[in-house]
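If you want the building blocks of each chain, they are given just below.
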Amino acid sequence: DGEFLYDMAKACFFDRPSVLSRLHLINVSRKNMKSEHLKKYLESQGLTKDRIKKNGAVLIDNGILGTIPERIELTLGQSSNPKLKSHMLVSKNRNIPSTRVFIEPFNPLVGRVPISHFHGMLLNFELIPHFTQTSENFELRDGSWHPVSSVNATSDQQARAVEAMESIKHFALQPQN
């Protein structure tokens, strides 16, 4: 769901390689978050106890309940580590802050209405075409863990996703944004 946030961050920091090197898109979903291979996958993506202890990490997602960030923290044994933080666009979870600033252009009343008001808007964000499919599990291939899905993206879906990424990039590069 957070793929468009990743695309936006990459577009905003295109000229800052030190920031880009720290951005990672991880494919964890409600369908694979209980996989026996989740920890191996996260570690293969660089999300390890040692790295979190040394550098910290921030998990960013669209939001609402915080189920996935909490599962990642639990899987890595980092539930109470202050160096592993989570942020969501909209959060009903008192332990995960909302970063509602991203939603303000769509609704200027963002700070004055209940969080539940934004659930439908988040569902619309999930409809933005994704280049990657929602994974259902993880698979070891050529010595590396990869998210896998029984549904493959069609070339048409990927083309629409590339168009969406280009739109996000165009928006991100506007001086007022």
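Up top is the structure these notes are about.
So, a few notes on the structure that sits alongside this text. (Residues numbered from 1 in each chain as written. Predicted model: local features only at pLDDT ≥ 70, side-chain atom pairs only at ≥ 80, totals over all residues. Heavy atoms only, no water.)

**A word on unusual backbone geometry**
Operational definition: Strands are runs of DSSP state E lasting at least two residues, helices are runs of H or I lasting at least four, and both sets are numbered from the N terminus onward. Partly exposed residues are those whose accessible area sits between 20% and 50% of the maximum for their type, while under 20% is buried and over 50% is exposed, using a 1.4 Å probe and protein chains only.
Despite not being glycine, Asp-142 has its phi angle at roughly 50°, a positive value. Mapped onto the fold, Asp-142 is located in the loop between β3 (137–141) and β4 (144–148). In this structure Asp-142 comes out as exposed when scored by relative accessible area, which is 85%.

**As for the environment of Ser-29**
Operational definition: Residue contacts follow a heavy-atom distance rule, with two residues in contact if any of their heavy atoms lie within 4.5 Å. We define a polar contact as two N or O atoms separated by no more than 3.5 Å, with the added condition that, inside protein, one atom must be a possible hydrogen donor and the other a possible acceptor, whereas residues neighbouring each other in sequence contribute only through side-chain atom pairs.
Tracing the backbone through its elements, the reader meets Ser-29 in the loop between α2 (17–20) and α3 (38–44). With 93 residues separating them in the primary sequence, Ser-29 and Leu-122 have C-alpha atoms 15 Å apart. Those residues within four positions of Ser-29 in sequence are excluded, and the remaining contacts are Ile-68, Thr-134 and Ser-135. There is a polar contact of 2.8 Å between the side chain of Ser-29 and the backbone oxygen of Ser-135.

**With respect to the side chain of Asn-81**
Within the secondary structure, Asn-81 is located in the loop between α5 (67–75) and β2 (84–91). From its side chain, Asn-81 meets the backbone nitrogen of Lys-83 in a polar contact 2.7 Å long.

**Considering the pairing of β3**
Let me state the cut-off plainly: Two strands are counted as paired when DSSP detects at least two bridges linking them.
Note: β3 against β4, 5 bridges, orientation antiparallel. By the bridge assignment, Glu-139 is partnered in β4 with His-146. Connecting the antiparallel pair β3 and β4 is a turn made up of 2 residues, with Asp-142 showing a positive phi of about 50°.

**Points about the nonpolar core**
Here is the rule: Here, nonpolar core refers to any group of buried Ala, Val, Leu, Ile, Met, Phe, Trp, Tyr and Cys residues whose side-chain atoms link them within 4.5 Å.
Formed by 15 residues in total, the largest nonpolar core has its most connected members in Val-28, Leu-42, Leu-47 and Ile-72. For this core, the secondary-structure elements that each account for two or more residues are α3, β1 (57–64) and α5. When residues in this core are grouped by element, the largest group, 3 residues, is from α3. Those residues in contact with Val-28, other than ones at most four positions away along the chain, are Met-33, Leu-38, Tyr-41, Leu-42, Ile-68, Ile-72 and Phe-138. Judged by nonpolar contacts, the second largest core, of 12 residues, contains Phe-4, Ile-64, Leu-89 and Met-121.

**Description of the packing of helix α1 (residues 3–12) against helix α7 (residues 155–172)**
Operational definition: The convention used is that axes are lines fitted to C-alpha atoms, helices contributing only their stretch in contact, and that angles between N-to-C directions extend from 0 to 180 degrees. Any angle that falls under 35 degrees is termed roughly parallel, while one over 145 is termed roughly antiparallel, one within 65 to 115 roughly perpendicular, and all others oblique. Definitions for this section: a left-handed crossing has its near helix turned counterclockwise from the far helix by less than a right angle. A right-handed crossing has that turn clockwise. Under the scheme applied here, ten amino acids are nonpolar (Ala, Val, Leu, Ile, Met, Phe, Trp, Tyr, Cys and Pro), four are charged (Asp, Glu, Lys and Arg), and all others, including Gly, are polar.
Between α1 and α7, the shortest axis-to-axis distance is 9 Å and the interhelical angle comes to 45°. The angle between α1 and α7 places the two elements in the oblique class. Here α1 runs over α7; the crossing is right-handed. Listed contacts from α7 to Phe-4, Asp-7, Met-8, Ala-11 and Cys-12 of α1 are Met-165, Ile-168, Lys-169, Phe-171 and Ala-172. Of the residues assigned to the contact of α1 with α7, the class counts are 8 nonpolar, no polar and 2 charged.

**Here we look at the side chain of His-37**
Along the polypeptide, His-37 turns up in the loop between α2 and α3. A residue is classified by how much of its surface remains accessible, and His-37, at 18% relative accessible area, is buried. Apart from residues lying up to four places away in sequence, His-37 is in contact with Asn-137, Phe-138 and Trp-145.

**Focus on the pairing of β2**
The test is simple: A right-handed crossover is one whose linking path, passing over the helix from the first strand to the second, runs clockwise when the strands point away from the viewer.
Within β2, 6 of the 8 residues are buried, which leaves it mostly tucked inside the rest of the structure. Here β1 runs beside β2; their pairing, made up of 7 bridges, is parallel. Considered in β2, the bridge of Ile-64 is made with Ser-91. After leaving β1, the chain enters α5 and then returns to the sheet as β2, a path that is right-handed.

**Points about the environment of Glu-166**
Within the fold, Glu-166 resides in helix α7. When the C-alpha atoms of Glu-166 and Ala-11 are compared, they prove to be 9.2 Å apart, with 155 residues separating the residues in sequence.

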